[in-house]
Amino acid sequence: EQQGVEAPVFSAASYACQRSTPQPGHNTLLTDSLAVLAESAELNGDEGRAVAFRRSEALLRSLDRRVQGVAELRGLPCLGEHSRRVIQDVLDNGKSSEVEETKSSSRYKAMKVLTGIFGVGVKTAKRWFTEGICSLAQLETSGHTLNPAQQAGLKYYADLNQPVTRDEADAISVTVEEAVCSVLPGAQVTLAGGFRRGKTSGHDVDFLITHPDEGKEEGLVHKVTACLESRGVLLYHQTTRNTYQESPEGAGRPRSNMDRFERCFSILKLVQDPVQVEADQTDSGCRPWRAVRVDLVVSPISQFAFALLGWTGSKLFEREMRRWAVHEKSMSLSSHALYDNNQKRYLTASSEEEIFAHLGLEYVSPSGRNA
Ligand code: ATP
Ligand code: MN
Ligand code: MN
């Protein structure tokens, strides 16, 4: 006779790149709570703490059913004492007091508003908050000189803080593809970022552009932005040229997740379907268009698989893959290349599957990379 049967204990691998993580998962109450604490740590500039919360959040999202009690989490990796305390609180009370306090704190609220401005990072927002600036109105009257990105960020604040839908991403894709193909026939445009992972909304739309003939893609970002400009849909752009050079001794351990592709952080004007405008009229201020953040990245075909993997995300998934590469395989992975520190050579790949195979990882499809 069975008595006091407990739910079976979960099991999970410790690196997020060893698991498939769907969106949104079966434990959104828990993962949303941990995400607030992760975000709050990010806004405090506490990277270590932020990553720890992100890892516990990702682990819970990867579980294939709802967690009923903490006992089921026994032995799981990635869950520190602090995360377990939060989980316990949410399971017992339906919410975490720490999360509630965080969400209502004036610091968290102000930092969210200020970093919500395109072009404003944590450092700048922190400096402003220290000076007593908590709102857009206070910033505008503060006398601070804003750089061009921040000016655009403020100007299109409402639009850029309204999530981009999948339909809007598809409409932007059409505009971008038309522009790319008119300046370089045969060029290929791939939707990357959250939308490639199957998310239904995002903060921007990310595109990776390449051409089957290596070298043809050089200087493409400038031609594309000129084309978008001539069509009157480029509201803001900041272009960076390609600075990547393969070094004989390998990439070394990447110091940040910044890559060196030719790219453009832009804001495009999305002309909306008239029917939709009528429906949204109250909040879109009657304009027949909205501003959307768009990232364009150009990769040579020889690096395309690495670029696609790197720009598909999620950020945590990428971070975990790089950590796995270094600590478990003595390799260095970037959005450009994979270097084997034992064999002292680059490993080439023409698909994401090959990169996973080089790293001794089971392939995880984009929709499973929502760590
Ligand atoms: P969202 O819906 O919020 O846009 P996302 O996953 O698409 O989610 P992004 O910030 O657009 O998030 O980033 C997409 C991918 O591009 C991530 O994997 C990230 O690591 C990569 N990425 C973003 N910015 C850079 C950068 N400056 N250098 C290198 N890679 C970057
Ligand atoms: Mn994105
Ligand atoms: Mn992006």
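Residues numbered from 1 in each chain as written. Chains lettered and ligands numbered in written order. Predicted model: local features only at pLDDT ≥ 70, side-chain atom pairs only at ≥ 80, totals over all residues. Heavy atoms only, no water.

A.B. asks: Break down the site of ligand 1 for me, citing the residues and quoting the values.
C.D. replies: In the neighbourhood of ligand 1, 17 residues make up the surrounding shell, with Gly194, Arg197, His203, Asp204 and Lys315 lying closest. Between Lys199 and ligand 1, the recorded distance is 2.9 Å, taken from a side-chain N or O atom to an oxygen atom. The separation between an oxygen atom of ligand 1 and a polar side-chain atom of Asp204 is 2.8 Å. Expressed as a share of its isolated accessible area of 610 Å², the protein-covered part of ligand 1 is 87%. Listing elements by their share of the shell around ligand 1, those giving two or more residues are α11 (193-196), α14 (304-312) and α15 (315-329). Here the residues of the shell around ligand 1 sort into three nonpolar, seven polar and seven charged. Taken domain by domain, the makeup of the shell around ligand 1 includes at least three residues from each of domain 3 (164-308) and domain 4 (310-368). (Near = heavy atom within 4 Å. Polar contact = N/O pair within 3.5 Å; in protein donor to acceptor, adjacent residues only side chain to side chain. Areas by Shrake-Rupley, 256 points an atom, 1.4 Å probe, with all protein chains shown as cover. Helix = DSSP H or I, 4+ residues; strand = E, 2+ residues; numbered from the N terminus. Nonpolar A, V, L, I, M, F, W, Y, C, P; charged D, E, K, R; others polar. Domains from an automatic or database assignment.)

A.B. asks: Break down the nonpolar core for me, with residues and values.
C.D. replies: Grouped together as the largest cluster of nonpolar side chains are 33 residues, with contacts concentrated most on Leu60 and Leu73. Those elements giving two or more residues to this core turn out to be α1 (28-43), α2 (47-62), α3 (81-93), α5 (106-115) and α6 (122-130). Of the residues forming this core, the biggest block, six residues, is contributed by α1. For this core, the two domains that each supply at least three residues are domain 1 (16-102) and domain 2 (106-147). Each residue touching Leu73, except ones within four places of it in the same chain, is listed here: Phe10, Leu60, Leu63, Val67, Leu79, Arg84 and Ile87. With 28 residues, the next largest nonpolar core counts Phe207, Val224, Leu296 and Val298 among its residues. (Core = buried A, V, L, I, M, F, W, Y, C linked by side-chain atoms within 4.5 Å. Buried < 20%, exposed > 50% of the residue type's maximum accessible area, 1.4 Å probe, protein only. Contact = heavy atoms within 4.5 Å.)

A.B. asks: Provide a residue-level description of the coordination of the manganese ion (ligand 2), including the pertinent values.
C.D. replies: Ideal geometry at a metal centre gives angles of 109.5 degrees when four donors are arranged tetrahedrally and 90 or 180 degrees when six donors are arranged octahedrally. Surrounding the manganese ion (ligand 2) are the protein donor atoms Asp204 (OD) and Asp206 (OD), which sit 2.0 to 2.1 Å from the metal. Looking at Asp206, the relative accessible area reads 9%, which means it is buried. (Donors = N, O, S within 2.8 Å, 3.2 Å for Na, K, Ca; no water.)

A.B. asks: With reference to specific residues and values, describe the coordination of the manganese ion (ligand 3).
C.D. replies: Surrounding the manganese ion (ligand 3) are the protein donor atoms Asp204 (OD), Asp206 (OD) and Asp295 (OD), at 2.1 to 2.2 Å. Here the donor residues of the manganese ion (ligand 3) are spaced in sequence according to D-x1-D-x88-D. If you look at the manganese ion (ligand 3) and the manganese ion (ligand 2), they sit 3.6 Å from each other and are both ligated by Asp204. In this pair, Asp206 sits in strand β4 (residues 205-210) while Asp295 sits in strand β7 (residues 289-298), placing the two residues 89 residues apart along the sequence.

A.B. asks: An account of the packing of aromatic side chains is requested, with residue identities and associated values reported.
C.D. replies: In this structure the tally under the stated criterion is six aromatic pairs. Seen in terms of ring centroids, Phe317 and Phe356 are 6.4 Å apart; in terms of plane orientation they differ by 45°. Their pairing is tilted. Taken as a pair, Phe317 in helix α15 and Phe356 in helix α16 (residues 352-358) lie far apart in primary sequence, 39 residues in all. For the pair shown, Phe317 and Phe356 are each scored as buried. Members of the aromatic cluster, connected to one another through ring pairs, are Phe317, Phe356 and Tyr363. Here the basic side chain of Lys269 rests over the ring of Trp289, its NZ or CZ set 5.0 Å away from the ring centre. Here the guanidinium or amino end of Arg287 rests over the ring plane of Trp289, the centre of that ring lying 4.2 Å away. (Phe/Tyr/Trp six-rings, centres within 6.5 Å; stacked < 30°, edge-to-face > 60°. Lys NZ or Arg CZ within 6 Å of the ring centre and 35° of its normal.)

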